[in-house]
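This is what each chain is made of:
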Amino acid sequence: MSRTVELGVQGMTCASCVGRVERGLNKVEGVERASVNLATERATVTYDPEQTTPQALMAKVKDIGYEPLVGEADLSVQGMTCASCVARVERALRKVDGVLDASVNLATERASVRYLPSSVSMGQLKAAVQAAGYAVLESEAGRDRSDQEREAREREVRSLKRAVTFSAVFAIPLLILAMLPMLSMPFHMWLAERVDTRVLNWVMLALALPIQFGPGLRFYRLGWKSLKNRAPDMNALVMIGTTAAFLYSLVATVAPGIFPAGTAHVYYEASGVVITLILLGKYFEAVAKGRSSEAMKKLLSLQAKTARVVRNGQELELPTDEVLVGDLISVRPGEKIPVDGEVVQGTSFVDESMITGEPVPVAKQGGAPVVGGTINQNGAFQFRATRIGADTALAQIIKLVESAQGSKPPIQGLADKVVSVFVPVVLGIAALTFLVWLALGGPQALSFALVNTVAVLIIACPCAMGLATPTSIMVGTGKAAELGVLFRNGTALEGLQSVNVVAVDKTGTLTKGKPELTDLVTAPGFHRAEVLKLVAAAEEQSEHPIARAIVAAAKKEGVAIVPPDSFQAVPGFGLEARVEGRLVQVGADRYMHKLGLNVGEFAAQAAQLGDEGKSPLYAALDGQLAAVIAVADPIKEGSPEAVRALHRQGLRVAMITGDNQRTANAIARQLGIDEVLAEVLPSGKSDAVKALQGKGNTVAFVGDGINDAPALAQADVGLAIGTGTDVAVETADVILMSGDLRGVPNALALSRATLRNIKLNLFWAFAYNIVLIPVAAGVLYPAFGWLLSPVLAAAAMGFSSVFVLSNALRLRSFRPPVRPEGALAGTPSATPVPV
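What counts, and at which threshold
Residues numbered from 1 in each chain as written. Predicted model: local features only at pLDDT ≥ 70, side-chain atom pairs only at ≥ 80, totals over all residues. Heavy atoms only, no water. Helix = DSSP H or I, 4+ residues; strand = E, 2+ residues; numbered from the N terminus. Buried < 20%, exposed > 50% of the residue type's maximum accessible area, 1.4 Å probe, protein only. Contact = heavy atoms within 4.5 Å. Areas by Shrake-Rupley, 256 points an atom, 1.4 Å probe, with all protein chains shown as cover. Phe/Tyr/Trp six-rings, centres within 6.5 Å; stacked < 30°, edge-to-face > 60°. Lys NZ or Arg CZ within 6 Å of the ring centre and 35° of its normal. Pairing = 2+ DSSP bridges. UniProt positions renumbered as here; feature names shortened; annotations may be inferred. Axes fitted to C-alpha atoms, helices over the stretch in contact; angles between N-to-C directions. Parallel < 35°, antiparallel > 145°, perpendicular 65-115°, else oblique. Left-handed = near helix turned anticlockwise from the far one by under 90°. Expected span 1.5 Å × (residues − 1). Salt bridge = Lys/Arg side-chain N within 4 Å of Asp/Glu carboxyl O. Polar contact = N/O pair within 3.5 Å; in protein donor to acceptor, adjacent residues only side chain to side chain.

**Considering the overall build of the protein**
The secondary structure content of the protein amounts to 29 helices and 30 strands. For the protein, buried positions account for 53% of its 835 residues. Nonlocal contacts in the protein, meaning residues at least 24 apart in sequence, comprise 68% of its contacts between residues at least 6 apart. With an accessible surface of roughly 36300 Å², the protein has 57% of that area assigned to carbon and sulfur atoms.

**What about the packing of aromatic side chains?**
Under the counting rule described, the total for this entry stands at twelve aromatic pairs. Ring centres of F381 and F383 lie 6.3 Å apart, and the angle between their planes is 50 degrees; on these two criteria the pair is classed as tilted. Ring geometry for F784 versus W786: centroids 4.9 Å apart, planes at 25 degrees, classification stacked. As far as the burial class goes, F784 and W786 line up, both exposed. When the ring centre of F573 is taken as reference, the NZ or CZ atom of K594 above it lies at 4.5 Å.

**Here's the deal with the sheet that holds strand β14 (residues 362–364)**
Spatially, three strands are ordered β14-β13-β16 in an open sheet, and the strand pairing comes out antiparallel. Of all the strands in the sheet, just β14 and β16 (375–376) have a single pairing partner and so form its edges.

**Description of the UniProt feature "transmembrane region" (unreviewed entry) in the protein**
This chain's UniProt record puts "transmembrane region" (unreviewed entry) on residues 163–187, 199–217, 237–259, 265–284, 418–440, 446–469, 762–781 and 787–809. For residues 265–284, the helix share is 65%, the strand share is 0%, and the end-to-end C-alpha distance is 33 Å. A distance of 28 Å separates the end C-alpha atoms of residues 762–781, which is 85% helix and 0% strand.

**Brief notes about the pairing of strand β24 (residues 615–621)**
The element β24 is extensively covered by neighbouring structure, given that five of its seven residues are classed as buried. As judged from the seven bridges shared by β24 and strand β25 (residues 624–632), these two strands associate in the antiparallel manner. Its bridge partner lying in β25, L617 is registered against I629. The antiparallel pairing of β24 with β25 creates a hairpin that spans two residues between the two strands, and D622 there sits at a positive phi of about 55 degrees.

**Digging into the packing of helix α19 (residues 528–539) against helix α20 (residues 545–556)**
Geometry of a packed helix pair, given as the angle between the helix axes and the separation of the axes. It is the contact of α19 with α20, at a shortest axis distance of 9 Å, that shows an interaxial angle of 135 degrees. Classed by the angle they form, the pair α19 and α20 counts as oblique. The handedness of the crossing between α19 and α20 is left-handed. On α20, the residues that touch L532, V535, A536 and E539 of α19 are A547, R548, I550, V551 and A554.

**Observations regarding α20**
An α-helix turns once every 3.6 residues. As a result, residues three or four positions apart point the same way. The terminal C-alpha atoms of α20 lie 16 Å apart, and with twelve residues this matches the ideal 16 Å at 1.5 Å per residue to within 8%. Among the residues making up α20, those that are buried are A547, A549, I550, V551, A553 and A554. As for α20, its buried residues are in contact with β20 (516–522), α19 and β25. A positive phi of about 80 degrees marks G558, the residue just after α20.

**Considering the pairing of strand β21 (residues 566–570)**
In this sheet, strand β22 (residues 574–579) lies alongside β21 in antiparallel orientation, the contact comprising five bridges. Bridged to Q568 within β22 is E576. Where β21 folds back on β22, the antiparallel hairpin that results is connected by three residues, among which G572 adopts a positive phi of roughly 80 degrees.

**Some thoughts on the pattern of salt bridges**
Scanning the entire structure with this criterion turns up 23 salt bridges. The closest approach of N and O atoms between E315 and R308, which form a salt bridge, is 3.6 Å. The buried category is assigned to R308, whose relative accessible area is 14%.

**Quick notes on unusual backbone geometry**
Of all residues except glycine, most have a negative phi; of all peptide bonds, most are trans. Positive phi outside glycine occurs at N312, with the angle close to 55 degrees. If you trace the backbone, N312 turns up in the loop between β9 (306–311) and β10 (314–319). Taking the relative accessible area as the measure of exposure, N312 reaches 81% and is therefore exposed. Residue E580 is not a glycine yet carries a positive backbone phi of 50 degrees. Here E580 shows up in the loop between β22 and β23 (582–587).

**Digging into the side chain of N697**
Within the element layout of this structure, N697 appears in the loop between α25 (685–693) and β28 (699–703). For N697, the side chain forms a polar contact with the side chain of N500, separated by 3.4 Å. Reaching out from N697, the side chain makes a polar contact with the backbone oxygen of L692 at a distance of 3.0 Å. Those residues within four positions of N697 in sequence are excluded, and the remaining contacts are N500, V501, L692 and D716.

**Comments concerning the sheet that holds strand β3 (residues 42–47)**
Reading across from one edge, β2-β3-β1-β4 is the order of the four strands in this open sheet, with antiparallel pairing throughout. Both outer strands of the open sheet, β2 (31–37) and β4 (67–69), are each paired with one neighbouring strand and no more. Across the sheet, the mean angle from the axis of one strand to that of its neighbour is 30 degrees, orientation sign disregarded. When strand β1 (residues 3–10) meets β3, the two strands line up antiparallel, connected through six bridges. For T4, the partnering residue across the bridge sits in β3 and is T46. Together, β1, β2 and β3 form the strand contacts of helix α1 (residues 15–26), whose direction differs from that of β2 by roughly 165 degrees.

**Focus: the environment of G743**
Tracing the backbone shows G743 in helix α27 (residues 743–777). Look at G743 and you get buried, because its relative accessible area is 6%. Remark: the alpha-carbon pair of G743 and A642, spanning 101 residues in sequence, is separated by 7.8 Å. Discounting residues that sit within four places of it in the chain, G743 has contacts with V485 and L736.

Structure follows, in structure tokens:
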């Protein structure tokens, strides 16, 4: 059957563009006809779905040179309980014509959908979810979706608590009446003497009935929907198992005569107590899921709710979402800064630790940037709003964390494949169990068949499988955000743990990126302060980075810089100037040779400076050699510690730089770097990464995210050294907000810890079912006489989910191998390493 889809096409300007797109689409195999409308910027394509896909059509549009329009939506899905629910919602969304991909996360209860806006509406997506048997949380005007989701989760926790409490009132006496006589012969004899068995059965029926058709109704509602959609889930398994046990017991109570003598047993505990235990497990699961989003709550709590806006000379307290770009905003001591902006009046210190990781408050005065969510300390100031709403740094951080928490890493693929067939297979095993026991169970065959079938259905609920990966990803990415590390998606989190070489850009990553005056050694008869004053005055007229470094050093030392009387650049050599009547000449050794000056007396110092990766210059005053000066790009305080930490983790470190080989080797020696790729042009960094990969390495590249985009994209994992105010680095997989290289070993360690956690969760989820389903079916009975009670099966099923969630929550106590400078307020700073 042919299908028709509409693609949004951006970038067309004329009829020629229309013709090119039409011709290109018509050439795609399987396309029957394509028609393009310039006015609506849409392409209507009829195609054979067995020969091509909307994704292939979009790729063709992009290949022709135009941009296909793709929409992205996040839906809050209510009512999912297990991995089968996740698979059903994904299938329902993907069946909608125009949906390109759908990914559902059980831990966050969100569906992320990529679709063609020209073919699909949000109403269709919501209808598909609802048709699958689930609810979509509708956004309320003026309310944040995260608040609504939190309230929905809290309502679910309260509802489960009420259900568990109600069920327990009836289940506890039911359990005592059903199980205690089997465990204690004296109690059994005492009870048999005083209460007739038929009366006891009616009492247990009275206790089981309110549970089965009270709190148990939730399993009927959801389970019946899943059966109608031919996609049975956990609710269907519970519904079938408990109903079978309840109906069998009901018949045995009302009409015991239809059973052979001595076989009219009741199993009300296999329905009432099982439902109670499953609800208890779901309650613990809901509480644990709430704890797994603690990091997200911290980020959301940073957002200010109101802003004091100055309009028409008056201060108005407005909701933050009503602030406009260009508004003047007043901030008092102790208040949160509501949006991003630039200070126009006043001075203060601002605590930016939750954004940048730096613990020391930052001084703010006219022209300084401020970031929404940070806290003003002791001064008052006014600033002009420059970024509001979704454009603020904090909003971008929250969006990245949400995106990472909702994404699926490649390791999830195995679990998804198993889950897609798991419940139907379990139903088949349950049916086989019933038939085998019915045929071979002897006088009590029906009782054995019922109990073991119920145990199989109850113990096999795939809740743990659905929670194994997303909860670990959720907690891991949240913990990373607390440490100033943003993972763009789950693939980046998984990919980082397999890296064996870390390639690091030098300037701005290993080093500060700003040259500084590091040494000034004077010749006999000259004073340092005088030489610095004269050289700085001469360099004041130059824009060269080395000149800027010398001038900055002089100002820092309080040297008064006077304008030179004259200034002349000597191309290829240095400069010459007159300062306060004195002749000042500054340049490399070849300039001194040209002037007839012997630099031999500084030979030892110059050699040492060169070995340290510093660039030696010379200064002459009134025709006499006065000093040797060294300017260098200083190594960041955290770089040596970061390299050592990477080595401890078993990784090799490579440095990519445009510096000459001698300077690069000097810096590598200081840092203990394993491999140096020097004299690399900015455009050649990606080729350098490719060369490392060509040796069979899995490479992570660390750069500043600005001119390193090609190398970041080429690497297996790209890490951008950014700042808290610049988090939208599109080519990076991981963003280090603080700009501290110590975030790299921390990100690696957290990636490895999260993957270990996921693998343990998946092992437990699968091993639990592989081991216990046969036990529940009764395979141990012939050899040992052991059967698994449905009550124990329900407890084990609930424990498996709680175990998986508890294991994921252990990541909250992750301790980074290196503490970045001030990683989240109050943590000890790393000791600076002198260079």
